[in-house]
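# Chain and residue survey
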Amino acid sequence: MTPAFFLAILCLLVASGVLALDPSLDAEWEEWKETYEKSYSKENEELRRSVWEKNMKMIKHHNEENSLGKNGFIMEINEFGDMTVEEFRKTMNYIPVRTHTEGKSIRKREAGGVLPKSVNWRKKGYVTSVKKQAYCNSCWAFAVNGAIEGQMFKKTGNLTRLSVQNLVDCSKPHGNNGCDWGDPYIAYEYVLHNGGVEAEATYPYEGKEGPCRYNPKYSAANITGFVSLPKSEESLMAAVATIGPISAGIDIASDFFMFYKKGIFYDPKCHNDTVNHVVLVVGYGFEGNETDGNNYWLVKNSYGKKWGLRGYMKIAKDQNNHCAIASYAHYPIVNGNRTWSLDLELPFGNLTPKLEFKNMMIGSPMQTYNMGKGIWKHSLSGLPKSVNWRKKGYVTAVWRQGQCGSCWAFAAIGAIEGQMFWRTGNLTTLSVQNLLDCSKPQGNNGCVRGDAYSAYQYVLHNGGLEAEETYPYEAKDGPCRYNPNNSRAYITEVVSLPAHEDYLLVAVSMIGPVAAAIDASHDSFRFYRGGIYHEPNCSSYLTNHAVLVVGYGFEGNETDGNNYWLIKNSWGEEWGMKGYMKIAKDQNNHCAIASYASFPNIF
């Protein structure tokens with residue numbers, strides 16, 4: 001019998017005066033009404049009492065089976081006790097999921113044992129307290145704000161509750177519909193294009209729709225992009241472990257979810273490919289011994305603290321994407337500001353070090369751009385001791401940039417080539433000349449100066465990039481000749497890493513080649529031939545040249561401390577180690593290697 005049909009029968013029975021209620025439950029009914037402040041007309045009370053009794057009996061039966069070990073979670077009557085599951089869905093949970101492009105986000109490459117066995121972002125201060133959406137279908141807004149709150153905390157160290165009401169009232173032009181329904185993807189789009197979202201303090205939650213009252217002077221958070229994860233629990237696990245809280249759609253298939261109290265939730269009726277509710281995944285873990293298989297996702301709901309584990313739920317993990325937990329997951333990119341000056345030219349021996357070399361290497365004016373959060377630093381001890389993406393086919397041959405300050409383009413191209421190889425399995429040499437000629441509207445200036453971030457932005461907004469074969473390198477500026485019919489690569493996101501070697505380590509080990517800026521202004525760099533480069537006068541924060549970090553490792557014994565970054569330069573194979581260099585690693589960010597590193601995402 002469907003819930004709708006059941007309710008229709010109840011209405012007929014009430015109207016005919018033959019509805020039988022269980023008098024032994026009178027005391028519990030009155031106590032429940034008082035607890036949740038429920039009041040009804042006489043006729044409606046009989047109807048709601050009957051629904052409540054049905055739910056009570058179902059809960060008691062379920063919990064009896066739990067005591068016999070037949071299921072893994074306990075249920076409890078709560079404020080939804082007088083609702084059928086159909087009413088509950090319509091009132092509390094409805095999101096019309098649209099088709100969108102998936103992102104790859106973080107991939108566990110060579111990451112055996114890298115990710116922690118359990119994560120709980122609540123304990124790290126990333127999560128605001130549980131709130132109650134009331135009878136407004138705003139779960140999508142609570143989850144989206146929760147993900148942004150976490151990333152803003154990572155950026156600023158301050159945890160600020162953001163305005164759900166702002167999203168409910170203002171994201172309608174983007175496709176949401178207030179308290180009727182909403183899509184987290186659209187909510188992220190609103191915050192991105194709006195330029196910000198207010199705090200709860202200035203735009204409080206009302207549990208109902210209202211006119212948009214957003215005031216930009218009260219904006220408390222902004223995002224510069226967002227990532228849609230692939231439909232796999234492995235991807236979700238990597239994102240939760242390395243990024244922070246993630247918004248996720250789930251399927252509420254039965255009344256089991258309504259009355260969840262504690263334990264690991266598993267509902268045989270759950271689908272793994274459709275979603276109708278949105279939660280915030282704040283961690284994962286296991287109960288008992290790790291080998292028992294009692295793995296769970298820890299999710300924050302928006303039903304108030306009287307539901308579940310004070311507003312939270314443990315939902316079965318590694319059970320064939322149970323309840324579609326990984327089918328519709330996203331996280332925002334929240335950026336701060338940094339400056340990155342990437343410079344010119346290679347130094348040959350016929351250039352005087354204090355004049356020609358310096359002018360060619362550090363003549364680029366400083367430029368401001370947005371710096372993203374990159375990869376969260378977790379379980380560094382589990383990362384591979386050495387990585388070399390050349391050996392895995394991710395890196396094209398070394399090129400010589402010539403008398404053109406195009407190092408920034410070679411570095412950006414190298415990172416894109418690596419990600420396209422990961423995406424397609426094909427390694428294609430992409431067109432540096434395409435970037436030189438065409439990225440000027442994004443702020444670059446051809447052979448005079450440029451930066452990798454602006455190069456990524458060009459590819460992102462242009463929608464594509466040609467290969468070297470169709471747009472060959474000329475080592476001089478020219479008019480933009482990009483032909484979309486010849487496009488061989490694209491990107492959908494740019495991630496800039498925080499200025500710390502640990503972040504660069506995680507990114508290089510898990511993502512692939514990463515574009516980086518360094519201080520290359522010294523004679524020792526110009527004439528490097530081999531070994532681990534260490535220049536006492538190198539800056540730990542100023543940069544003037546761009547390279548591609550393709551790996552890391554150590555010489556001698558691991559305990560000797562002779563650690564290095566392996567970088568690909570663009571000065572030809574005659575320079576260094578056939579175009580490569582080992583530069584000191586774990587030496588106070590030597591030569592600013594980790595100060596301005598970035599990589600593209602390709603969804």
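Residues numbered from 1 in each chain as written. Predicted model: local features only at pLDDT ≥ 70, side-chain atom pairs only at ≥ 80, totals over all residues. Heavy atoms only, no water.

### Focus on the packing of aromatic side chains
Pairs of aromatic rings are described using the distance from one ring centre to the other and the angle between the two planes. Selection criterion: The pairing test for Phe, Tyr and Trp rings, Trp by its six-membered ring, is centres within 6.5 Å, and the orientation test on the planes gives stacked under 30 degrees, edge-to-face over 60, and tilted for anything in between. Starting at the N terminus, helices and strands are each numbered in turn, a helix being any DSSP run of H or I of at least four residues and a strand any DSSP run of E of at least two. Throughout, exposure labels follow a simple rule: accessible area from a 1.4 Å probe, protein chains only, divided by the maximum for the residue type, with under 20% read as buried, over 50% as exposed, and the rest as partly exposed. In this scheme, Lys NZ or Arg CZ marks a charge over a ring once it lies within 6 Å of the ring centre and within 35 degrees of the ring normal.
Scanning the model with the defined rule gives 33 aromatic pairs in all. Here Tyr126 and Phe153 contribute two aromatic rings whose centre-to-centre distance is 4.9 Å and whose plane-to-plane angle is 65°, an arrangement assigned as edge-to-face. Remark: Phe153 occurs in helix α5 (residues 139–156) and Tyr126 occurs in the loop between β2 (119–120) and α5; sequence separation between them is 27 residues. Summarising the burial analysis for this pair, Tyr126 and Phe153 share the class buried. Between Tyr260 and Phe265, the ring centres sit 6.2 Å apart and the planes meet at 85°, which makes this aromatic pair edge-to-face. For the pair formed by Tyr260 and Phe265, the shared burial category is buried. Here the aromatic residues Phe73, Phe80, Phe88, Phe256, Phe257, Tyr260, Phe265, Tyr303 and Trp307 are joined through ring pairs into a cluster of three or more. Positioned above the aromatic ring of Tyr580 is the side chain of Arg390, whose terminal nitrogen or guanidinium carbon lies 4.1 Å from the ring centre.

### Points about unusual backbone geometry
Even without glycine at this site, Ala134 takes up a positive phi of about 60°. Take Ala134: it is sitting in the loop between β2 and α5. Given the relative accessible area of 31%, Ala134 is considered partly exposed. The residue Cys591 is not glycine, and still its phi comes out positive at about 60°. With respect to the helices and strands, the residue Cys591 is situated in the loop between β22 (580–584) and β23 (598–601). Note on Cys591: relative accessible area 0%, which makes it buried.

### Remarks on the packing of helix α2 (residues 26–35) against helix α3 (residues 42–67)
Note the following rule: Angles shown run from 0 to 180 degrees and are taken between the N-to-C directions of axes, each axis being a line fitted to C-alpha atoms and, for helices, limited to the stretch in contact. Roughly parallel means an angle under 35 degrees; roughly antiparallel, over 145; roughly perpendicular, 65 to 115; everything else is oblique. What makes two residues a contact is simply this: any of their non-hydrogen atoms within 4.5 Å. Residue type decides the class: Asp, Glu, Lys and Arg count as charged, Ala, Val, Leu, Ile, Met, Phe, Trp, Tyr, Cys and Pro as nonpolar, and the leftover types, Gly among them, as polar.
Relative orientation of the contacting elements α2 and α3 amounts to 105°, with a least axis distance of 11 Å. By the angle between their axes, α2 is roughly perpendicular relative to α3. Mapping the contact onto sequence places Asp26, Glu28, Trp29, Glu30, Trp32 and Lys33 in α2 and Glu45, Arg48, Arg49, Trp52, Met56 and Lys60 in α3. Of the residues belonging to the contact of α2 with α3, the class tally is four nonpolar, no polar and eight charged.

### Thoughts on the state of the cysteines
Which entries qualify depends on this criterion: Note on terminology: pairs of cysteine sulfur atoms within 2.5 Å are recorded as disulfides.
The tally for this structure, following the rule as stated, stands at six disulfides. One disulfide in the model links Cys170 with Cys212; its S-S distance is 2.0 Å. Taking the sign of the torsion about the S-S bond as the criterion, the disulfide between Cys170 and Cys212, at about 100°, is right-handed. A residue pair is termed long-range when its members are at least 10 positions apart, and Cys170 in helix α6 (residues 164–170) and Cys212 in the loop between β3 (197–198) and β4 (219–221) qualify at 42 residues. Judged by relative accessible area, which is 46%, Cys212 ranks as partly exposed. Two residues, Cys404 and Cys447, share a disulfide whose sulfurs are 1.9 Å apart. The S-S bond linking Cys404 to Cys447 shows a torsion near -90°; that makes this disulfide left-handed. Residue Cys404 is found in the loop between β14 (387–388) and α11 (407–424), and its partner Cys447 is found in the loop between α12 (432–438) and α13 (452–462); the two are separated by 43 residues along the sequence. Cys447 carries the same exposure label as Cys404, and that label is buried. Of note for the protein: the bonded cysteines, numbered N- to C-terminal, pair according to 1-3, 2-4, 5-6, 7-9, 8-10, 11-12. We note that Cys407 lacks a disulfide partner, and the nearest cysteine sulfur, in Cys404, lies 9.1 Å from it.

Geometric descriptors of this kind do not, in isolation, establish any biological role.
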